[in-house]
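If you want the building blocks of each chain, they are given just below.
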Amino acid sequence: MNIFAYRIIPVIVIHDAEDAEPLGEALIAGGLPMAEITFRTEAAAESIAIMSEIDGLTVGAGTVVTTAQVELAVEAGAKFLASPGCRADVIREAQLAGRPILPGTVTPSEIMAAAALGIDTVKFFPANLYGGATAIKALAAPFTSVKFVPTGGVSPENLTDYLQLDCVPAVGGSWMVPADLIKAKDFSAISSLCRQAVELAASVTA
């Protein structure tokens, strides 16, 4: 499983688990069969479980901030995990469960803490508030073996800035799965946005 295969990881907030299955199908129809369901709502675990049953869809859990959430996500079928911060206990729990995890980092010390736990790919979050592509390029200079997945404020307007960097295998974003379209159950529009996102990412050469 290569969670960076499409160079984009849709970061999704689901408030109603009934939307999980049609949303998963919309991602597949849009050529972006990847989903990071964030633990920001009570529907997260159930949504992960539902979407994990969809053939061809890789589902992960985001906003994982406790070891209990790691356990809950794994039980629900999450294949990868992402956290907004860098906690050793959360990272170790994910590793014990055999799940790749992207811990959130924005400073050299946080990157070093993650590396000490065997992590070579980190989440750079919130990217837009901590210097964006310019900051990642600067951090990559001393940390040549580290890969960065920027999330937070990533959009079609700045996607190229990130994906042109050798140290960025993918970005996390929500513009192709906006909350208003999920709420309106306009899944065909989401499929269309996914197709556009995949085409744009594919056009960028690192």
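Anything mentioned here points back to the structure above.
Here the structure is a predicted model, which is why all the values come from computation and not from measurement.

Looking only at helices and strands, one finds nine helices and nine strands in the chain. Relative to its full complement of 206 residues, the chain shows a buried share of 53%. Nonlocal contacts in the chain, meaning residues at least 24 apart in sequence, comprise 57% of its contacts between residues at least 6 apart. Working note: accessible area of the chain is about 9,000 Å², and carbon and sulfur atoms make up 53% of it. Of note, the chain has its 12 positive side-chain charges centred 7 Å away from the centre of its 22 negative side-chain charges.

Axis separation between helix α1 (residues 20–29) and helix α2 (residues 44–52) bottoms out at 9 Å; the angle between their running directions is 50 degrees. With respect to α2, the axis of α1 lies oblique. As α1 packs across α2, the resulting crossing turns out to be right-handed. Together, A20, E21, L23, G24 and L27 of α1 and S47, I50 and M51 of α2 make up the contact between the two elements. Taken together, the residues that form the contact of α1 with α2 break down as five nonpolar, two polar and one charged.

So, about the state of the cysteines. Under the definition given, this model contains zero disulfides. Unpaired in terms of disulfides, C86 finds its nearest cysteine sulfur in C167, a separation of 17 Å.

Calculation notes
In this numbering scheme, every chain counts its residues from 1 along its sequence in written order. Confidence filtering applies because this is a predicted model: local features only for residues at pLDDT of at least 70, side-chain atom pairs given and counted only at 80 or more, and all residues used for totals across whole chains, interfaces and linings. Side-chain figures throughout are based on the complete set of non-hydrogen atoms in the structure, without hydrogens or water. By definition, any uninterrupted DSSP run of H or I lasting at least four residues is a helix, any uninterrupted run of E lasting at least two residues is a strand, and each is numbered from the N terminus. The classification of residues rests on relative accessible area computed with a 1.4 Å probe and restricted to protein chains. Under 20% of the type maximum is buried, over 50% is exposed, and intermediate values are partly exposed. The contact criterion used throughout is that any non-hydrogen atoms of two residues lie within 4.5 Å. Surface exposure here means Shrake-Rupley accessible area, sampled with a 1.4 Å probe, where a residue is shielded only by the protein chains that are shown. In this charge count, Lys and Arg are treated as positive and Asp and Glu as negative; neither His nor the chain ends contribute. Just so you know, the charge point we use is NZ for Lys, CZ for Arg, CG for Asp and CD for Glu. With axes taken as lines fitted to C-alpha atoms, and helix axes fitted only over the stretch in contact, angles between N-to-C directions fall between 0 and 180 degrees. In this scheme, roughly parallel covers angles under 35 degrees and roughly antiparallel covers those over 145, while 65 to 115 is roughly perpendicular and the rest are oblique. Note on convention: near helix rotated counterclockwise from far helix by under a right angle means a left-handed crossing. Clockwise means right-handed. Gly is placed with the polar residues, together with every amino acid not listed as nonpolar (Ala, Val, Leu, Ile, Met, Phe, Trp, Tyr, Cys and Pro) or charged (Asp, Glu, Lys and Arg). Two cysteine sulfur atoms make up a disulfide if the distance between them is within 2.5 Å.

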